[in-house]
Structure formats: C-alpha cells, structure tokens
Amino acid sequence: MSDKLLNGKNSIVTGGSKGIGLAIVKAFLGAGSSVEYLSRSKADDHASLEALAAGNGVTVRWTTCDVTDEASVEAVLEAAVARGPIDVVINNAGVTRDGLIFRMTLEDWKAVIDTNLTSAFLVSRTAARHMIKRRAGSIVNVSSVVGIMGNGGQTNYAASKAGLIGFTKSLAREVASRGVRVNAVAPGFVETAMTEKIPGEARDKLKASIPLGRTAAPEEIASVVLFLASDMASYITGEVVKIDGGMGM
Ligand code: NAP
C-alpha cells in the first residue's frame, strides 16, 4: 500500500504547459498519478516532467488540444478513455483579455468565456459521462477570487470565473449520487505568465490588499487542488475553496 494521495490514478489537466497547471501536473506526478495534460504548446521542461514521472513509476503525456474546440476535446477525451479510466479532471486552462467594458470587443468577451468556461463544459461533459458509469471520479475547476469579488477591467474574466462556480455547484448536484465529486478553487494573485503583465503600481496596490502580504506561488494552488482531487476530500463536493492569502474574506 502506498500513502501517495493519487496512487495509481489517471488524471487529465487542461492548461498544464505552464503556471498553475504545470505545478498541478508536477504535484500529481509526485502523488502517484499518471497525467495527460492538454494545451496548445508543450511544457518547456517536458523532459523534466518525464523524469519526475519515471521516478514515481507513472507516466506523463502531452496532447495538443485547443480546449475551446468541441471536436478536438471530444476526440482527446475519447482517446484517453480508450486507454484507461479517467479518475481526475482538472479544468485549469484560462486566459485574460482585460479592458474596460467600453473598449472590450465581442471577440475579447467570447475568447475569455470560451477558454475559461465553455472548455470546462466540453471537457467535463465527456469525462463525467465516463465517471458516472464507473461511479467514481473527481473534477476540480480553477476559478478565481475575481469570480466572487468582481474586478474592474475584467468583466469578461470575472463572468467566466463566476460562471465556473455555478457550473461546479450544478454539476456537483447532477453527479453526486453516482459517486463523482466536483469542486472549485478560487486563487487570488499567483505569480505566473498571466500576472506578469500587471504593471508595477497596480501590482503594489494588489499586494497591499492581501492580508498575508504576498502573492502566491503556483505550488500553493496545486497543493489544494491535489487535496480536493484526492480521497482525502472524499466528503467534499460543490465547494469553492479560496486560496488568496485572505484577499476575499
Ligand atoms: P498561464 O501561466 O498563462 O497558463 C495558462 C495555461 O492555459 C497554459 O498552459 C495555456 O497553454 C493554457 N491555455 C490557454 N488557452 C488554451 C486553449 N485554448 N487550449 C488549451 N490550453 C489553453 O496562467 P495561470 O496563471 O497558470 O492560470 C491558470 C488558471 O488559473 C487559469 O484558469 C487562470 O484564470 C486561473 N487563475 C490564475 C490566477 C493568477 O493570479 N495567475 C488567479 C486566479 C485564477 P497553451 O498556451 O500552451 O495553450
């Protein structure tokens, strides 16, 4: 018997090529899960992921997939199911296209909703069908504290992340009786490529609004996602866990 949290499991992580998704891939490999990550580009350090996987007796696979594309998501998920059971799905892929509403184009709106919200619907639809047949599975959606609190300049992003919370709770209710759990995390300010572009002054202001007084490392999000995905959280479903240094309390 191994005490690894995801021993022998198979997980799918969207947006695993960098940032929070990459940290989740690493945490899951370390926790004994084989991982397939979906993104448009491969992780820069994919070779080190392979080494980490080998060291933990599991596998890592990158599959190119635009998660907004229905046909490719279905093909990728069906191929994964054909290879073996899917135990865990993490809907993490996300983008921002910030701007005040007066300057926001319909394209900016749709791109963010499609990538951050519709993708979770597409991936979960196929995965949940498979999970309910097996009467087991765990889905974790990566929302944001912005989906709870709102944020000027991010109407599209906040709507997508608030939508993910409603999606999480509704799907959790649909599949709970079949032994499948669905939860979300709502990170605050995490140091990744997504937040790199925030200018210095805005960054300082944001930091000042965080009771813990600092931003998060991607690994601090991955550890909570790992907990929710695992049987340690076997009695938690429909929950949204804020990981924000106290920002949203
Ligand atoms: P990031 O470093 O920019 O990574 C985003 C990931 O999403 C990449 O792996 C990217 O891969 C993937 N992605 C984007 N569009 C995609 C598409 N159409 N198809 C497939 N994959 C796609 O961002 P991050 O900060 O790690 O964000 C990860 C998640 O956390 C997002 O949902 C974000 O909204 C959420 N979040 C972040 C923060 C923060 O402060 N950073 C706070 C709260 C929530 P490719 O480019 O290779 O496709």
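In short, a report on the structure. Since the structure is predicted, the reported quantities are computational estimates derived from the model, not experimental observations.

Parameters and conventions
Residues numbered from 1 in each chain as written. Predicted model: local features only at pLDDT ≥ 70, side-chain atom pairs only at ≥ 80, totals over all residues. Heavy atoms only, no water. 1 Å grid on protein atoms, 1.4 Å probe; cavity = no way out; pocket = protein on both sides within 12 Å on 5 of 7 lines; lining within 4 Å. Points joined across faces, edges and corners; volume = space filled by probe spheres on them. Helix = DSSP H or I, 4+ residues; strand = E, 2+ residues; numbered from the N terminus. Nonpolar A, V, L, I, M, F, W, Y, C, P; charged D, E, K, R; others polar. Buried < 20%, exposed > 50% of the residue type's maximum accessible area, 1.4 Å probe, protein only. Pairing = 2+ DSSP bridges. Right-handed = clockwise from strand over helix to strand, strands pointing away. Polar contact = N/O pair within 3.5 Å; in protein donor to acceptor, adjacent residues only side chain to side chain. Contact = heavy atoms within 4.5 Å. Patch = residues over 30% accessible without salt bridge, like charges linked within 9 Å, V, L, I, M, F, W, Y side chains within 5 Å. Areas by Shrake-Rupley, 256 points an atom, 1.4 Å probe, with all protein chains shown as cover. Salt bridge = Lys/Arg side-chain N within 4 Å of Asp/Glu carboxyl O. Near = heavy atom within 4 Å.

Quick notes on empty space enclosed by the protein
Under the definition given, this model contains one cavity of 30 Å³ or more. Of the voids in this model, the largest cavity is the one considered here, and its volume is about 40 Å³. Contributing to the lining of the largest cavity are Thr14, Asn91, Asn92, Ala93, Asn116, Ser119, Ala120, Val142, Lys161 and Leu164. Counting residues per element, the ones that place at least two in the lining of the largest cavity are α4 (106–134) and α6 (155–175).

With respect to the layout of surface pockets
Approximately 230 Å³ is the volume found for the second largest pocket. As for the second largest pocket, its lining consists of 14 residues, of which Asn10, Ser34, Glu36, Arg61 and Arg83 are closest to the centre. When contributions to the lining of the second largest pocket are tallied by element, the ones reaching two or more residues are β1 (10–14), β2 (34–39), β3 (60–64) and α3 (70–83). Residues of the lining of the second largest pocket, tallied by class, amount to six nonpolar, five polar and three charged.

Remarks on the pairing of strand β5 (residues 137–142)
Of all six residues that make up β5, six are buried, and the element is covered over most of its length. Of the two faces of β5, the one carrying Gly137, Ile139 and Asn141 and the one carrying Ser138, Val140 and Val142 are both buried. Here strand β4 (residues 88–91) pairs with β5 via four bridges, running parallel. Residue pairing for β5: valine 88 is matched across the bridge by serine 138. The handedness of the β4 to β5 crossover, carried by α4, is right-handed. In the sheet, β5 pairs with strand β6 (residues 180–187) via six bridges, with the strands oriented parallel. Considered in β6, the bridge of valine 142 is made with valine 185.

Looking at the side chain of serine 138
Here serine 138 lies in strand β5. Here alanine 229 takes part through its backbone oxygen, which lies 3.5 Å from a polar atom of the side chain of serine 138. Excluding anything up to four places from it in sequence, serine 138 contacts Asp87, Val88, Val89, Met131, Arg181, Leu228 and Ala229.

Structural notes on a nonpolar patch on the surface
On the surface, Leu5, Phe227 and Met232 cluster together into a nonpolar patch covering about 270 Å² of accessible area. Leucine 5 sits in the partly exposed class, given a relative accessible area of 33%.

Some words on the site of the ligand
Surveying the vicinity of the ligand reveals 30 residues, the closest of which are Arg40, Ser41, Asn92, Tyr157 and Thr192. At 2.5 Å from an oxygen atom of the ligand is found a side-chain nitrogen or oxygen belonging to threonine 192. When contributions to the shell around the ligand are tallied by element, the ones reaching two or more residues are α1 (19–30), α6 and α7 (193–196). Top element by residues in the shell around the ligand is α7. It accounts for three residues. Residues that form the shell around the ligand fall into these classes: 12 nonpolar, 14 polar and four charged.

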